[in-house]
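As a plain string of letters, each chain reads:
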Amino acid sequence: QITAITLVSKTDAPVINKNIYGHFAEHLGRSIYGGFFVGDTSKIPNTNGVRNDIVKALKELKIPNLRWPGGCFADTYHWKDGIGPKENRPTIVNQWWGGVTEDNSFGTHDFLNMCELLGAEPYLSGNVGSGTVQELSEWVQYANYKGKSPMSDLRKKNGRAEPWKVNFWGIGNEAWGCGGNMTADYYANEYRKYATFMPNDIVRIASGANSDNYNWTETLMKNIPANMLGGLALHHYSVIDWNKKGDGVDFTEDQYFATMKEALKMEELVTKHSAIMDKYDPNKKIDLVVDEWGGWYDVEKGTNPGFLYQQNTMRDAVLAGSTLNIFNNHADRVRMANLAQCVNVLQAVILTDKAKMITTPTYHVMKMYNVHQGATLLPVNFNSPRYTYKGEMLPAVSVSASKDQNRVVHISLVNIDSKNKNKIEIDVKGLGVKNFTGTILTSAKLQDYNSFEVPNKIVPTVFKNFENKSGKLEITVPPFSVVVLEGK
Ligand code: AHR
């Protein structure tokens, strides 16, 4: 059976915001310390303490933005602890992530300079839970104010004359939970207060709902004036069970199916949260910012232990490809998303083991998909074939497509079915492109992963399993695979 899709350019189609391909780095486990930050006295080649190999890999990914310092950590973080001479910085307890010592050696300058090195836009999460309005307002001044002020003088004294001009600012994180256990009404008021003392020329992002807490979105949209709200966040992890047996590589098909069911729920979440936003913001000025997403599995006994360290398998590649297709297809409202997290934590794109560094299957998906950044969406409408397991069904194939400024067409397809290939026919006659090439990411087993011993077990290869029949592409997508086609 062949599923047919027709792609046509639409003049009112949205541009896929490059920030959908953003990342997240928190003071958690080996994300920062022992991850990308090793300090400038390390033997591992680095620039101001940041590993050169990681900078290179993330630049190749075209990482558009990076969120920091949390996560839950953000609402315990006092930014002034992380500026000035390192020997004077206080050592604190990282209360959320294992009660470990945090010496604040990676702070505001270190992060913002690293973003410059990466060519990525910084996204700073402010402390609402245990901070003050004054503290956050001063952080904005410290980072952004050019003229003379106590904060810009302090920045200059600490070695940075020019401001960094940080555009994206989160006002708290998970305010319903680790960010302060607030009610939606209470947080909406807090948000208004904090936003009042931050300038209007930055994007202020409200701490958003956990998965399907639609009441949270409704309350915030109703109670925060639109001109104070640049973005509203949403967090959704594909957490299925806490498999204590391993590091996430010994999962069963039951667990895989459950993971994919949770991951594909993103479609419903984005649709429903967007519909609520539409009621109050019909012109879609406010961004939906999915600033934490990804798979969250067993963390107890990893092969390379660390807090929230988990192995990243072919399952994660499929999860990432399907989720990014959802974001692309909702580009009219989803304008930023941040995979959790960048290095060594949860669904990381990079793993490190002392001096060694490897890229994960998810890294390769992000790299294959970065062709969509800034391209115009080609809307896709079709009924997917089904992935059936123990009487339950999920859509097996997801597709998203775009046309970039050079009129090159990119089509990304994911087949999540663990056993069956699927045939898709895509009519591209209306797009003015003739010659197609393809890339595929797949592996022998869903449980396969890139290890420090075999770092290139799962890498993209040339994909030829398609035929162009007079403008109709007949594509056979193998089980658990991610394919990207390019048409010129
Ligand atoms: O990414 C790990 C944690 O998950 C973050 O700190 C928090 O925001 C979320 O609950």
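Residues numbered from 1 in each chain as written. Predicted model: local features only at pLDDT ≥ 70, side-chain atom pairs only at ≥ 80, totals over all residues. Heavy atoms only, no water.

## Topic: the packing of aromatic side chains
So, step 1. Enumeration according to the criterion identifies 23 aromatic pairs in this entry.
So, step 2. Ring geometry for F257 and Y389: centres 5.5 Å apart, planes at 35°, overall tilted. Separated by 132 residues along the polypeptide, F257 in helix α7 (residues 253–280) and Y389 in strand β17 (residues 386–389) bring together distant segments of the chain. The same class applies to F257 and to Y389, which are both buried.
So, step 3. Cation over ring: R315 sits above Y297, and NZ or CZ is 3.6 Å from the ring centre. (Phe/Tyr/Trp six-rings, centres within 6.5 Å; stacked < 30°, edge-to-face > 60°. Helix = DSSP H or I, 4+ residues; strand = E, 2+ residues; numbered from the N terminus. Buried < 20%, exposed > 50% of the residue type's maximum accessible area, 1.4 Å probe, protein only. Lys NZ or Arg CZ within 6 Å of the ring centre and 35° of its normal.)

## Notes on the side chain of E26
So, step 1. Among the secondary structure elements, E26 is positioned in the loop between β2 (22–24) and β3 (46–47).
So, step 2. Buried charge without a salt bridge: E26, with R67 as the nearest opposite-charge side chain at an N-O distance of 6.4 Å.
So, step 3. Separated by 3.0 Å, the side chain of E26 and the backbone nitrogen of C72 make a polar contact.
So, step 4. In this view, E26 contacts S31, I32, P69, G70, G71, C72, F73, W97 and Q341; residues no more than four positions away in its chain are not counted. (Lys, Arg positive; Asp, Glu negative; His and termini not counted. Salt bridge = Lys/Arg side-chain N within 4 Å of Asp/Glu carboxyl O. Polar contact = N/O pair within 3.5 Å; in protein donor to acceptor, adjacent residues only side chain to side chain. Contact = heavy atoms within 4.5 Å.)

## Thoughts on the site of the ligand
So, step 1. Neighbouring the ligand are 14 residues, the closest being E26, C72, E174, Y237 and E292.
So, step 2. E26 places a polar side-chain atom, nitrogen or oxygen, 2.7 Å from an oxygen atom of the ligand.
So, step 3. A distance of 3.1 Å is found between an oxygen atom of the ligand and a side-chain nitrogen or oxygen belonging to N173.
So, step 4. If the ligand stood free it would expose 290 Å²; the protein chains cover 94% of that surface.
So, step 5. Mapped onto the shell around the ligand, the elements with two or more residues apiece are β11 (231–239) and β12 (287–296).
So, step 6. Among the residues forming the shell around the ligand, the class breakdown is 7 nonpolar, 4 polar and 3 charged. (Near = heavy atom within 4 Å. Areas by Shrake-Rupley, 256 points an atom, 1.4 Å probe, with all protein chains shown as cover. Nonpolar A, V, L, I, M, F, W, Y, C, P; charged D, E, K, R; others polar.)

## Some remarks on the confidence of the model for the protein chain
So, step 1. Put simply, the protein chain has an average pLDDT of 95, and 97% of its residues get 70 or more.
So, step 2. Within the model, the stretch residues 301–305 combines pLDDT values under 50 with 12 contacts to residues more than four positions away or in other chains. (pLDDT = per-residue confidence, 0-100.)

## Examining the sheet that holds strand β24 (residues 466–469)
By definition, the strands of a sheet pair up through backbone hydrogen bonds, in either a parallel or an antiparallel sense.
So, step 1. Read from one edge to the other, the open sheet built from 4 strands follows the order β1-β21-β25-β24, with strand pairing classed as mixed. Edge strands, defined here as strands with exactly one partner in the open sheet, are β1 (2–6) and β24. Put simply, the sheet's adjacent strands are angled 20° from each other on average, direction ignored.
So, step 2. In this structure, β1 lies alongside strand β21 (residues 422–427), joined through 5 bridges in parallel fashion. If you follow T3 over to β21, its bridge partner there is I424. (Pairing = 2+ DSSP bridges. Axes fitted to C-alpha atoms, helices over the stretch in contact; angles between N-to-C directions.)

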